[in-house]
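# Residue-level structure breakdown
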Amino acid sequence: MFNGAEVTPAGVDQFPLRRPVLPPYQIDALSRDILALKRRLNAVILAHNYQVAEIQDVADVVGDSLGLSQYAARTQADVIVFCGVHFMAETAKILNPDKLVILPDRDAGCSLEESCPADRLAALQATNPNFYTVTYINCSAAVKALSDVICTSGNAVKIVNHSPKDRDLLFVPDENLGGWVMEQTGRPMTLWKGNCYVHVEWTHAALMRIRQAYPGAPVVAHPECPKAVRMLADEVCSTEKMVTWCKATSAKSIVIATEAGMLHRLKRECPDKTFIPAPTDRCACNECRFMKLNTLEKLHDCMVNLAPRVELPRDIIERARRPIERMLEISALPN
Ligand code: 13P
Ligand code: SF4
């Protein structure tokens, strides 16, 4: 395992976790304005499953990283409004270099992205010319540009299964997702030592306690969780597959080990079921501070100002596009 990064992201604590809650009349007024702006701009609003409820409720599409990239690749809209974190909006821009891509808050980063600077990845790649770099989409455009293929949590197993057999796989930047993919595929990989600061908060002990409190409730966990947590889960999957899994199961109560925004999507899709947020050992740790930088007011303002915008150098767009398109092609293959 390559000790490539400081795991704790600098700067996570500078963003406050508590947000002021808007009164319903203000949410209604802002939502109406946002929908009017959307029509005027011929815009599409894409929102990740971790966005606050009021953003999910005005979005055209709510989904996981894979679903949102697939949608971005085929949209006819003139403006893409991306409510997620910065690397997701960047991916939409790479797929649509001639469209305007805006986001509510430019500071919406990701601890995984921070863990893997492009120069350090390039230095590691230089140590083995036989490396084939499989990169989790949670990274910068410059890191994508150094990659052979991109993956998301929704297709990582398939992507690795389609990777050349005669190459040494280097998986960056999430060691937990990479470890889970190795278990699923049996393919050894060199893992970059990055992680999601939210998902590593769940522990074996905390999961054991919630299992004892709700003995009949299955546990669904994101693959960014550590192995000790994944081993206690009945299902490990991407946020979109959580929706499919929860719809299909006969269980009426389900424990969810992922970011708290997911609960709104799940309650909307499965109104007859009860979702129990898996606790961490410390309280209130299951919100991603970066995802939660986006608010309905900032969404409104970015559509009024057409800023902040995602801008990327042309050469990075061209180099980063190839591994993303490879991912989309492999994803479309039959299983
Ligand atoms: P999904 O692709 O499963 O939505 O995950 C994205 C993410 O950032 C998880 O922390
Ligand atoms: Fe990144 Fe974790 Fe936030 Fe997802 S939840 S955007 S992996 S910091």
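The structure displayed is predicted, hence computed values, not measured ones.

### Digging into the confidence of the model for the protein chain
Summing up the model confidence of the protein chain, the mean pLDDT is 93 and the portion of residues at 70 or higher is 93%. Of the regions scoring below 50 in pLDDT, residues 1-16 engages in 32 contacts with residues more than four places distant in sequence or in other chains.

### Quick notes on the packing of aromatic side chains
By the definition in use, this model includes one aromatic pair. Here the aromatic rings of Tyr197 and Phe290 are separated by 6.0 Å at their centres, their planes lie at 80°, and the arrangement is edge-to-face. On the criterion of sequence distance, the pair formed by Tyr197 in the loop between strand 8 (189-191) and helix 10 (204-213) and Phe290 in the loop between strand 12 (274-277) and helix 14 (296-305) is long-range, its members being 93 residues apart.

### Re the sheet that holds strand 8
The strand order 6-5-7-8 describes an open sheet built from four strands, whose pairing is parallel. Each edge of the open sheet is held by one strand with a lone partner, namely strand 6 (149-151) and strand 8. The mean angle between the axes of side-by-side strands here comes to 30°, regardless of whether they run parallel or antiparallel. Across three bridges, the pairing between strand 7 (residues 168-172) and strand 8 is parallel. The residue of strand 8 that forms the bridge with Phe171 is Leu191.

### Comments concerning the site of ligand 1
Around ligand 1, the surrounding shell consists of His48, Tyr50, Asp64, Ser65, Tyr136, Asn138, Ser153, His199, His222, Glu224, Ser238 and Thr239. One of the side-chain N or O atoms of Asn138 is found 3.3 Å from an oxygen atom in ligand 1. The separation between an oxygen atom of ligand 1 and a polar side-chain atom of His222 is 2.8 Å. Looking at the shell around ligand 1 residue by residue, the class counts come to two nonpolar, eight polar and two charged.

### Regarding the sheet that holds strand 3 (residues 79-83)
Spatially, four strands are ordered 2-1-3-4 in an open sheet, and the strand pairing comes out parallel. The sheet is open, and its two edges are formed by strand 2 (61-63) and strand 4 (100-102), each paired on a single side. With direction set aside, neighbouring strand axes in the sheet form an average angle of 20°. Where strand 3 lies against strand 4, three bridges are found, and the strand directions are parallel. By the bridge assignment for strand 4, Val79 is matched with Leu100.

### Topic: helix 6 (residues 118-125)
Every buried residue of helix 6 is accounted for by Leu121, Leu124 and Gln125. Viewed along the axis of helix 6, the buried residues span an arc of 100°, placing them on a single side of the element. Considering only its buried residues, helix 6 is in contact with strand 5 (131-136), helix 7 (141-145) and strand 7.

### Looking at the environment of Ser163
With respect to the element layout, Ser163 can be found in the loop between helix 8 (156-161) and strand 7. Separated by 135 residues in the primary sequence, Ser163 and Lys298 have C-alpha atoms spaced 40 Å apart. Excluding its chain neighbours within four sequence positions, the residues that come into contact with Ser163 are Tyr132, Val134, Leu169 and Arg187.

### With respect to the side chain of Glu90
With respect to the helices and strands, the residue Glu90 is situated in helix 4 (residues 86-95). Notably, Glu90 is buried but unbridged: the nearest opposite-charge side chain belongs to Lys144, and the N-O separation is 5.1 Å.

### Points about the packing of helix 3 (residues 65-74) against helix 15 (residues 314-332)
Helix packing geometry: the angle between the two helix axes and the distance between the axes. Where helix 3 contacts helix 15, the two axes come as close as 11 Å, and the packing angle between them is 105°. Between helix 3 and helix 15, the crossing angle belongs to the class labelled roughly perpendicular. Where helix 3 abuts helix 15, its residues Leu66, Gln70 and Ala73 lie against Met327, Leu328 and Ser331. In terms of residue class, the contact of helix 3 with helix 15 is built from four nonpolar, two polar and no charged.

### Here we look at the packing of helix 3 against helix 4
In contact at an axis separation of 9 Å, helix 3 and helix 4 are set at 30° when each is read in the N-to-C sense. What the angle tells us is that helix 3 and helix 4 run roughly parallel. The hand of the helix 3/helix 4 crossing is right-handed. Contacts from Ser65, Ser69, Ala72 and Ala73 of helix 3 reach helix 4 at Met88, Thr91, Ala92 and Leu95. Here the residues of the contact of helix 3 with helix 4 sort into five nonpolar, three polar and no charged.

### A look at the pattern of salt bridges
One pass over the full model with this rule turns up 15 salt bridges. Across the pair Asp57 and Arg268 runs a salt bridge, and its minimum N-O distance is 2.7 Å. Within this pair, whereas Asp57 is found in helix 2 (residues 53-58), its partner Arg268 is found in helix 13 (residues 262-269), the two being separated by 211 residues in sequence. Relative accessible area serves as the criterion here: at 45%, Asp57 is assigned to the partly exposed category. Take Arg268: its relative accessible area is 45%, and that puts it in the partly exposed class.

Cut-offs and rules
Residues numbered from 1 in each chain as written. Chains lettered and ligands numbered in written order. Predicted model: local features only at pLDDT ≥ 70, side-chain atom pairs only at ≥ 80, totals over all residues. Heavy atoms only, no water. pLDDT = per-residue confidence, 0-100. Contact = heavy atoms within 4.5 Å. Phe/Tyr/Trp six-rings, centres within 6.5 Å; stacked < 30°, edge-to-face > 60°. Helix = DSSP H or I, 4+ residues; strand = E, 2+ residues; numbered from the N terminus. Pairing = 2+ DSSP bridges. Axes fitted to C-alpha atoms, helices over the stretch in contact; angles between N-to-C directions. Near = heavy atom within 4 Å. Polar contact = N/O pair within 3.5 Å; in protein donor to acceptor, adjacent residues only side chain to side chain. Nonpolar A, V, L, I, M, F, W, Y, C, P; charged D, E, K, R; others polar. Buried < 20%, exposed > 50% of the residue type's maximum accessible area, 1.4 Å probe, protein only. Arc of directions from axis to C-beta. Lys, Arg positive; Asp, Glu negative; His and termini not counted. Salt bridge = Lys/Arg side-chain N within 4 Å of Asp/Glu carboxyl O. Parallel < 35°, antiparallel > 145°, perpendicular 65-115°, else oblique. Left-handed = near helix turned anticlockwise from the far one by under 90°.

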